[in-house]
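One-letter residues, chain by chain:
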Amino acid sequence: MPHPGTELELTLRGRVVAGLALLAGAAGWLAEDPHAQLAAALLLAPLLLDLLAKPRWLHRVQLHLPPRRTVAGAPFVERLAVRTPPGWFGGRDLLLFEPRTMKNRGPCFVGHLAAGAHAELPIEGRSERRGHLLERVFALTTAWPFGLWRARAVVTIAAELVTEPRRVALRRELLPSFAALRSGATERRRGQGQEFHALREHHLGDDARAVHALRSAALGVLVQRVRTGCEPQRAGLVLDLRRPPGRPLAGGQRRLEWSLGAAATLVEHCRQHGAEVAVLVLDAQSEWFLVRSPQDLAALLVALAEAALVPHRPLGPEPFAALRQFTACWWVPAGSYLAAAEYAPLAGIVQLVDGDFD
């Protein structure tokens, strides 16, 4: 847990000066030599002055950052708002450092901030690890004026940081599916108006606004209106986070990160070609995501940022019945469960998305 206050510690330079002062003081006391006593006093004076000049309010510095979405490994620049607490003295030579995003960038330097002053600082960062944080942690340090003592504090602020999976390059075998989606989207743009064509059974993930209420009530099952000229192309994706039976959760992290990036890449490609995407996430509980807007895509990417491997659990055929209706469909075995029993009956319908892993 971060310390609630500001801590003071001797720097390397301060430890050397303090050691010399102790030696000189010991020599002056044992030998009763006034020169040694004077040397000890001269060495102790800057230590005491530096200690008195150090700020004790670093933990009270107010920091503010807007929400940030980024991709793992991608650099970004954001503006950090800094406000010092009111008092008699301001801060000089402040160093602000966020361990998660500034590990390879170094701290941000603030030359001078008056008491109660406000400033906005551009900071460069890079989030290497996928995840979803609601708080960000900064370390504040200063060694001004003499560099013999260092004041430091840890400041935690409420600021969302979503680090999405890295996008990956996919095999060429997946590209024909994209071409089919693109041609389907072109045909849709050529169609004029919306004409009623037929009724069919309503599937999981379909637009509920197209349900025919009267026919559904008469038949006792939900039925869907089908219109020509406006039916969107739809793709399906299964993200399987289950580990194989008997395998520990600790392994398979490299495949997991690649698979999450592959899922994000596939969904973004489908959206670029005008297709809706129904994503089935096989987590501790099966969950569907219907992606047909930028907001839907953002919600899915947050779920991918939070994704983790889960123990194996058997599934029935119900979640996979809807996969047969899609124009294109993919299965991503993020948990290394390549021999999934549920995948076998769909082998001719879905494409297995798997990287080269040993």
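Structural data are supplied above this passage.
Residues numbered from 1 in each chain as written. Predicted model: local features only at pLDDT ≥ 70, side-chain atom pairs only at ≥ 80, totals over all residues. Heavy atoms only, no water.

So, about a nonpolar patch on the surface. On the surface, L12, V16, L20 and L23 cluster together into a nonpolar patch covering about 410 Å² of accessible area. One can find L23 in helix α1 (residues 12-31). Among the residues examined, L23 registers a relative accessible area of 60% and is labelled exposed. (Patch = residues over 30% accessible without salt bridge, like charges linked within 9 Å, V, L, I, M, F, W, Y side chains within 5 Å. Areas by Shrake-Rupley, 256 points an atom, 1.4 Å probe, with all protein chains shown as cover. Salt bridge = Lys/Arg side-chain N within 4 Å of Asp/Glu carboxyl O. Helix = DSSP H or I, 4+ residues; strand = E, 2+ residues; numbered from the N terminus. Buried < 20%, exposed > 50% of the residue type's maximum accessible area, 1.4 Å probe, protein only.)

Okay, the pairing of strand β4 (residues 75-83) next. Sheet topology places strand β2 (residues 62-64) next to β4; three bridges connect them, and they run antiparallel. Bridging from a neighbouring strand, Q62 pairs with R83 of β4. Bridge count for β4 against strand β7 (residues 118-126) is nine bridges, and the pairing is antiparallel. When the bridges of β7 are listed, E78 appears paired with I123. (Pairing = 2+ DSSP bridges.)

Per the counting criterion, the structure on display carries one aromatic pair. Centroid distance F320 to W331: 5.5 Å. Interplanar angle 20 degrees. Geometry classified as stacked. Of this pair, F320 sits in the loop between α6 (294-306) and β15 (328-332) while W331 sits in strand β15; the two residues are eleven residues apart in sequence, bridging distant segments of the chain. The class of F320 is buried, set by a relative accessible area of 5%. (Phe/Tyr/Trp six-rings, centres within 6.5 Å; stacked < 30°, edge-to-face > 60°.)

Along the chain, W144 connects to P145 via a cis peptide bond; the corresponding omega equals 10 degrees. Residue placement: P145 occurs in the loop between β8 (131-142) and β9 (149-164). Even without glycine at this site, E32 takes up a positive phi of about 50 degrees. For E32, the position within the fold is in the loop between α1 and α2 (34-53). At D93, a position not held by glycine, the phi torsion is positive, near 50 degrees. Mapped onto the secondary structure, D93 falls in strand β5 (residues 91-97).

The next point concerns the nonpolar core. L237, L239, L241, V267, V279, L304 and W330 are the most contacted members of the largest nonpolar core, which totals 32 residues. Mapped by element, the contributors of at least two residues to this core are β12 (234-240), α5 (253-272), β13 (276-282), β14 (286-291), α6 and β15. The leading source of residues in this core is α5, at eight residues. Setting aside chain neighbours within four positions, we find L241 in contact with L256, L260, V281, L282, D283, A307, A308, L309, V310, A334 and G335. Ranked by size, the runner-up nonpolar core spans 24 residues in total, among them L58, L63, L113 and A119. (Core = buried A, V, L, I, M, F, W, Y, C linked by side-chain atoms within 4.5 Å. Contact = heavy atoms within 4.5 Å.)

Turning to the environment of F289, a few remarks are in order. With respect to the helices and strands, F289 occurs in strand β14. The class for F289 is buried, based on a relative accessible area of 16%. In this structure the C-alpha to C-alpha distance between F289 and V279, which are ten residues apart in sequence, comes to 5.0 Å.

Attention shifts here to the side chain of S127. With respect to the helices, strands and loops of the structure, S127 is situated in the loop between β7 and β8. A polar side-chain atom of S127 sits 3.5 Å from the main-chain carbonyl oxygen of R129. Among the polar contacts listed, one links the side chain of S127 to the side chain of T163, at a separation of 2.8 Å. Setting aside chain neighbours within four positions, we find S127 in contact with T70, V71, A72, G73, A74, F76, R100, T101, L161 and T163. (Polar contact = N/O pair within 3.5 Å; in protein donor to acceptor, adjacent residues only side chain to side chain.)

Note that all results are geometric; they support no functional claim without further evidence.
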